[in-house]
Amino acid sequence: MSSALTDLFPYPIVQAPMAGGVSVPRLAAAVSEAGGLGFLAAGYKTADGMYQDIKQLRGLTSRPFGVNLFLPQPETADPAAVDVYAHQLAGEAAWYETELGDPDCGRDDGYDTKLAVLLDNPVPVVSFHFGVPSREVVDSLHRVGTFALVTATTAEEARAVEQSGADAVITQGVEAGGHQGTHRDNPETGGGTGLLSLVAQVREAVSLPIVAAGGIMRGGQIAAVLAAGASAAQLGTAFLATPESGAHDLHKQALTNPLFVRTELTRAFSGRPARALVNRFLREHGRYAPAAYPEVHHLTSPVRKAAAKTGDAQGMALWAGQGHRMARELPAGQLVEVLTAELADAGTALSGLSGYATGGGAR
């Protein structure tokens with residue numbers, strides 16, 4: 001990674017921007033203060049809400065941080081399929097004594113307005129999800145001194161990121177919790193690539209620095225992705241359980257609750273593939289959810305909020321990566337310290353194995 005970008009955070013640890021109220025200023029501040037790179041999530045917020053979060057964060061730390069934006073999405077959803085899904089969800093709305101949301105209440109997430117705010121009030125780093133920003137956008141960020149990072153889930157997407165002029169690519173493996181940052185939501189594309197394999201593929205496809213994301217919960221895993229060619233690791237679920245996280249208490253508890261034994265990629269809550277703990281809502285509706293983002297997100301939003309308000313985790317979107325069982329309820333700053341110590345221990349262990357690679361190991 002370029003020394004200028006690396007100098008922003010002493011330790012190769014990036015706190016993933018988790019939208020929906022999780023990546024709040026106090027979390028980002030704690031991570032940045034500890035030597036990682038904290039992130040705010042602007043997704044689902046108004047431009048003013050994003051600005052207020054930035055203002056609050058700057059009052060908590062003078063360390064560098066990042067802000068994440070969602071790219072506007074093309075109109076590809078089948079309205080008839082959305083209507084059918086809405087009919088299926090009518091019982092959920094009645095159960096939680098609420099109404100379904102309007103699926104057509106907006107699809108650009110206020111992108112242009114948020115970008116204008118970030119150009120008028122520059123932050124150290126801006127990352128992008130669900131696509132690639134134009135070269136003009138990246139150049140405009142560079143002119144105000146902002147580094148641009150873009151998520152990719154394949155080597156092909158990483159090439160598009162490189163062509164945009166971005167400073168680094170966030171290489172997201174299929175293990176990651178929350179939404180897969182695919183550039184196009186192809187309903188016929190299933191599965192995904194594991195993080196270590198993906199890092200290796202992207203490393204050979206582009207010359208950009210790599211930030212590896214997906215299921216990372218321990219310092220030893222950070223060491224593994226660094227050894228595979230990444231310059232830093234991005235962790236989301238690991239920070240979700242911290243006291244500074246804005247996640248609902250039920251969401252935090254579910255990460256290690258034996259009632260939730262596995263995760264699954266689903267469109268049930270948003271219409272786009274996203275990894276969540278398997279609960280009743282996912283089991284009952286996941287197979288029927290259409291490829292329709294953000295229409296399904298808007299549709300289910302009131303139901304998810306009502307479920308949280310009533311204390312029912314079975315109706316919530318419990319985003320989580322595959323390593324969720326390894327979550328630790330540590331303060332965010334302490335977690336950065338622990339991860340850094342584990343990374344150092346893993347590095348020492350790897351150094352001890354160097355003799356094998358050079359022929360000096362035991363016979």
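Keep in mind that what you see is a predicted model, and the values were worked out from it rather than measured. (Residues numbered from 1 in each chain as written. Predicted model: local features only at pLDDT ≥ 70, side-chain atom pairs only at ≥ 80, totals over all residues. Heavy atoms only, no water.)

A.B. asks: Any chance you could explain the side chain of H183 here in plain terms?
C.D. replies: Assignment of secondary structure puts H183 in the loop between strand 7 (178-179) and helix 8 (195-205). Looking at H183, its side chain comes within polar contact range of the main-chain oxygen of T151, at 2.8 Å. Residues in contact with H183, not counting those within four places in the same chain, are F130, G131, V132, T151, A152, E157, V161 and R272. (Helix = DSSP H or I, 4+ residues; strand = E, 2+ residues; numbered from the N terminus. Polar contact = N/O pair within 3.5 Å; in protein donor to acceptor, adjacent residues only side chain to side chain. Contact = heavy atoms within 4.5 Å.)

A.B. asks: Can you walk me through the sheet that holds strand 10 (residues 263-266) in this structure?
C.D. replies: Strand order in the open sheet formed by 3 strands is 7-11-10, and the pairing between neighbours is antiparallel. Of all the strands in the sheet, the pair left with one neighbour each is strand 7 and strand 10. With 4 bridges joining them, strand 10 and strand 11 (residues 274-277) adopt antiparallel strand pairing. In the strand pairing of strand 11, L265 is matched with R275. (Pairing = 2+ DSSP bridges.)

A.B. asks: Is there a simple way to explain the side chain of H324 in this structure?
C.D. replies: Here H324 is to be found in the loop between helix 13 (295-309) and helix 14 (332-352). Residue H324 is classed as buried on the basis of its relative accessible area, which comes to 2%. Leaving out residues up to four positions away in the same chain, H324 has contacts with M217, T237, L255, T256, F260, V261, R262, T263 and L277. (Buried < 20%, exposed > 50% of the residue type's maximum accessible area, 1.4 Å probe, protein only.)

A.B. asks: Just to check I follow, could you spell out the sheet that holds strand 3 (residues 65-70) for this structure?
C.D. replies: Backbone hydrogen bonds are what pair the strands of a sheet, in a parallel or an antiparallel way. Sheet architecture is open: 8 strands sit in the order 1-9-8-6-5-4-3-2, paired in parallel fashion. Since the sheet does not close on itself, it has two edges, and those belong to strand 1 (13-15) and strand 2 (38-41), each with one partner. Within this sheet the neighbouring strands show an average axis-to-axis angle of 25 degrees, counted without direction. Sheet analysis places strand 8 (residues 210-213) next to strand 9 (residues 232-235), joined by 3 bridges and oriented parallel. The partner of A212 across the bridge, within strand 9, is A233. (Axes fitted to C-alpha atoms, helices over the stretch in contact; angles between N-to-C directions.)

A.B. asks: Sorry, what's going on with the packing of aromatic side chains here?
C.D. replies: To describe a pair of aromatic rings, one takes the distance between the centres and the angle between the planes. Within this structure, the stated rule accounts for 6 aromatic pairs. Cluster of aromatic residues (ring-pair linked, three or more members): Y44, F70, F130 and Y293. (Phe/Tyr/Trp six-rings, centres within 6.5 Å; stacked < 30°, edge-to-face > 60°.)

A.B. asks: Help me understand the packing of helix 5 (residues 111-120) against helix 6 (residues 135-143) in this model?
C.D. replies: Relative orientation and spacing of two packed helices are given, respectively, by the angle between their axes and the distance between those axes. Orientation of helix 5 relative to helix 6, taken along the N-to-C sense of each, is 25 degrees, at an axis distance of 10 Å. Considered as vectors, helix 5 and helix 6 are oriented roughly parallel to each other. Across the interface between the two elements, Y111, L115 and L119 from helix 5 touch V137, S140 and L141 from helix 6. By residue class, the composition of the contact of helix 5 with helix 6 is 5 nonpolar, 1 polar and no charged. (Parallel < 35°, antiparallel > 145°, perpendicular 65-115°, else oblique. Nonpolar A, V, L, I, M, F, W, Y, C, P; charged D, E, K, R; others polar.)

A.B. asks: Sorry, what's going on with unusual backbone geometry here?
C.D. replies: Across residues other than glycine, the phi torsion is negative in most instances, and most of the peptide bonds are trans. Cis geometry is found at the peptide bond from Y293 to P294, where omega equals 10 degrees. As for its position among the elements, P294 is in the loop between helix 12 (280-285) and helix 13. Even without a glycine there, the phi angle at E97 is positive, about 55 degrees. Its place among the elements puts E97 in the loop between helix 4 (79-95) and helix 5. In this structure, D109 takes a positive phi of about 55 degrees despite not being glycine. For D109, the position within the fold is in the loop between helix 4 and helix 5.

A.B. asks: What is the right way to look at the nonpolar core in this model?
C.D. replies: Nonpolar side chains in soluble globular proteins tend to be buried together. Core analysis: the biggest nonpolar cluster contains 98 residues, and V67, L69, F128, L235 and F239 have the highest contact counts within it. The contacts of V67, once residues within four sequence positions are left out, are F39, L40, A42, M50, I54, L118, V123, V125, V126 and S127. The next biggest cluster of nonpolar side chains, apart from the first, holds 14 residues, and it includes F9, V125, F147 and A232. (Core = buried A, V, L, I, M, F, W, Y, C linked by side-chain atoms within 4.5 Å.)

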